[in-house]
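# Architecture at a glance
Here are the chains, one letter per residue:
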There are 2 protein chains.
Amino acid sequence: MRESDAIERLRRIATHPAALGLRDDAALLEGLVLTPDSMAEGVHFLPADPPASVGWKLVAVNLSDLAAKGATPVAALLSLTLSGDEARDMALIDGIEAACESYGLALIGGDTIALPAGAPRVLGLTAIGRAGTSTPLRSGARPGDHLWLVGTVGDSAAGLALLRADAAATGALVDIYRRPVPLLAAGQALAPHAHAMMDVSDGLLLDCRRLAQASNCTARIDLDSVPLSAAFIQSRGDDLAARIFAATGGDDYALIAALPPELDPLSLSLPPGTSIARIGTLAGQGDLLSLTSGGRPVELPEQLGFEHLGHQHRRNPPAPVADRG
Amino acid sequence: MRESDAIERLRRIATHPAALGLRDDAALLEGLVLTPDSMAEGVHFLPADPPASVGWKLVAVNLSDLAAKGATPVAALLSLTLSGDEARDMALIDGIEAACESYGLALIGGDTIALPAGAPRVLGLTAIGRAGTSTPLRSGARPGDHLWLVGTVGDSAAGLALLRADAAATGALVDIYRRPVPLLAAGQALAPHAHAMMDVSDGLLLDCRRLAQASNCTARIDLDSVPLSAAFIQSRGDDLAARIFAATGGDDYALIAALPPELDPLSLSLPPGTSIARIGTLAGQGDLLSLTSGGRPVELPEQLGFEHLGHQHRRNPPAPVADRG
């Protein structure tokens, strides 16, 4: 069974309105937004990743899903498998604690389990947030909406590439890969105005196509408008290849929002220093996703992101898993 | 790090009142009871277990925690790892669906992840229930309370022992091991009256000791009063050794409740056919846990249950893990 088949099957079961059709990486139950995410060693994090950053990331992944719904963090339930290495497990919990404290997420429950010796660890967290006055779904975009990107894309994928080349690599891109920052305040500011919103977890292009599809729209994206960080440009440049790398890399924790064309998001109370850029337009007809650069059409890359894994977040491309002892 | 150390560490972080000190296998947030539980292949279920029963059990484990708080099932969030075997994964989801339907639990969210090839699967579910007028904790028992057991113990452990001896074993005990029934209606009937309540997940004796400890009481249990099913007695007899096996085996999904001595639980509206028996008394002083049989003291067995794993549920004793392909 492919994961997309499993998700289709689960969607047929998940008929309760709170499930939102399992299309939003989050459920909406009685004013609470609930989002579960799991990360597996060797798939979503590398055995050599510092454990504190793995713990941080586990929390941040979930907070990014809350940000995409404009929710305010409330509480988290943790599902922890231990490595058997005390210092490592303690550092993992340090990272979880740091992220929870940073974003006001109270740890209210959890269980710990043992795995058979040598098994890759699986870490799970369910974050619970309080919904704001309105909760934008993926499916609410309308033809004519402008598509905005909050944050930059490509940094995390570039950081991972540096780590693949040199496990001791450091710097801003590695930091972003390891300690992503969920855009909670920006999400809360945009949510009351956004027709649709989601976080970019599996690749900007893939997630834009998902938003368009869920909304029965088409998305036209101008690759030249996709904001890149200075660190990204320094590492990989900003030519078309670099932009496509950034727009398909995933693991970004940026937000995409479909806003009515008359709204200037700079008029909203976004946190100081927020990067927000208009990257495209939603339309009613045509290809589900189309790209331009330099005013000309650009062919879609073969891989828009980690599509074959369905709606779930898969942060790291497959790689040989190092000895995990 | 031992799991008990990890849990102590997490308890220091989990200071929010909703966490209930991480002592109740459940959190209580705004009228909702939330309980996460994970099961790992080779630890909590056997690779050869029928996948539909694994799915059922994943749901039942969590519903038993809701039953222990007297909550009514509302919704569930699923975290699924797939085996890659389509028929097996479909059967697993069948079992999840059957249990959700049987107990009115709406699947409202979830994610699916891939694991590295050959890795044991880890399945997680967070169940959400609506709290009743009062939610009994582990910590509310008082000296003089009577200790009651709803359901029988030992059936599941006896079923597992049969399967260990013969993987093709069938019968009532195997069925109970594979398809436990959470005692939701009984939990709801008892909750308004119980000073303390919890489910028996890791062994009756261990869990009685936990309840006593959390309540600053001592527990005195009469092993002769522990109810055994006819199927259990047929398989293992009802002598002292059989009773100790039953009282330490775990994986029971029975409920223990500390009730005021003047309350006769048979006066409550328990579901027809509910097995409920007074198994002991809570007192203020003495050994945390003491046992009698035939009116005489019985020495505590070395293992009260799966203590070393802390508060989490560990259903299967360690065993060689069969080839999981």
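Scope of this entry: the structure provided in the associated data block. Small disclaimer: the values here were computed from a predicted structure and weren't measured.

## Remarks on the side chain of Asp199(B)
Within the secondary structure, Asp199(B) is located in strand 7 (residues 196–200). Polar contacts involving the side chain of Asp199(B) include one to the side chain of Ser64(B), which spans 2.7 Å.

## Digging into the interface of chain A and chain B
Interface size is commonly expressed as the accessible surface area that is lost when the partners come together. Listed as interface residues are 62 residues of chain A and, on the opposing side, 63 residues of chain B. Taking both sides of the interface into account, the surface hidden between chain A and chain B amounts to around 5,200 Å²; carbon and sulfur atoms contribute 70%. Inspection of the region where chain A meets chain B yields six salt bridges. Asp94(A) serves as the salt-bridge partner of Arg9(B), at 2.8 Å between the closest nitrogen and oxygen. On the surface where chain A and chain B come into contact, there are twelve residue pairs in polar contact (both at pLDDT 80 or more). Residue assignment for the side of chain A that touches chain B shows that the elements contributing at least two residues are helix 1 (3–13), strand 1 (27–29), strand 2 (32–40), strand 3 (72–81), helix 3 (86–103), strand 4 (106–113) and strand 5 (122–130) of chain A. When residues of the side of chain A that touches chain B are assigned to their parent elements, the largest contribution, eight residues, is made by strand 4 of chain A. Classifying every residue of the side of chain A that touches chain B gives 37 nonpolar, eleven polar and 14 charged.

## Here's the deal with the sheet that holds strand 2 of chain A
Strands pair in a sheet through their backbones, by hydrogen bonds, and they do so in one of two ways: parallel or antiparallel. Residues and elements named next belong to chain A. Taken together, the five strands give an open sheet; going across it, the order is 1-2-5-3-4, and neighbouring strands pair in mixed fashion. Each having just a single partner strand, strand 1 and strand 4 make up the two edges of the open sheet. Ignoring which end each strand starts from, the neighbouring axes of this sheet average 20° apart. When strand 2 meets strand 5, the two strands line up antiparallel, connected through nine bridges.

## Points about the nonpolar core
One finds Ile108(A) and Ile108(B) to be the most contacted residues of the largest nonpolar core, which totals 128 residues. Setting aside its immediate chain neighbours within four residues, Ile108(B) contacts His16(A), Ala18(A), Ala19(A), Leu22(A), Ala27(A), Leu29(A), Leu34(A), Ala75(B), Ala76(B) and Leu77(B).

Calculation rules
- Residues numbered from 1 in each chain as written.
- Chains lettered and ligands numbered in written order.
- Predicted model: local features only at pLDDT ≥ 70, side-chain atom pairs only at ≥ 80, totals over all residues.
- Heavy atoms only, no water.
- Helix = DSSP H or I, 4+ residues; strand = E, 2+ residues; numbered from the N terminus.
- Polar contact = N/O pair within 3.5 Å; in protein donor to acceptor, adjacent residues only side chain to side chain.
- Contact = heavy atoms within 4.5 Å.
- Buried area = accessible area lost by both parts, 1.4 Å probe.
- Salt bridge = Lys/Arg side-chain N within 4 Å of Asp/Glu carboxyl O.
- Nonpolar A, V, L, I, M, F, W, Y, C, P; charged D, E, K, R; others polar.
- Pairing = 2+ DSSP bridges.
- Axes fitted to C-alpha atoms, helices over the stretch in contact; angles between N-to-C directions.
- Core = buried A, V, L, I, M, F, W, Y, C linked by side-chain atoms within 4.5 Å.
- Buried < 20%, exposed > 50% of the residue type's maximum accessible area, 1.4 Å probe, protein only.

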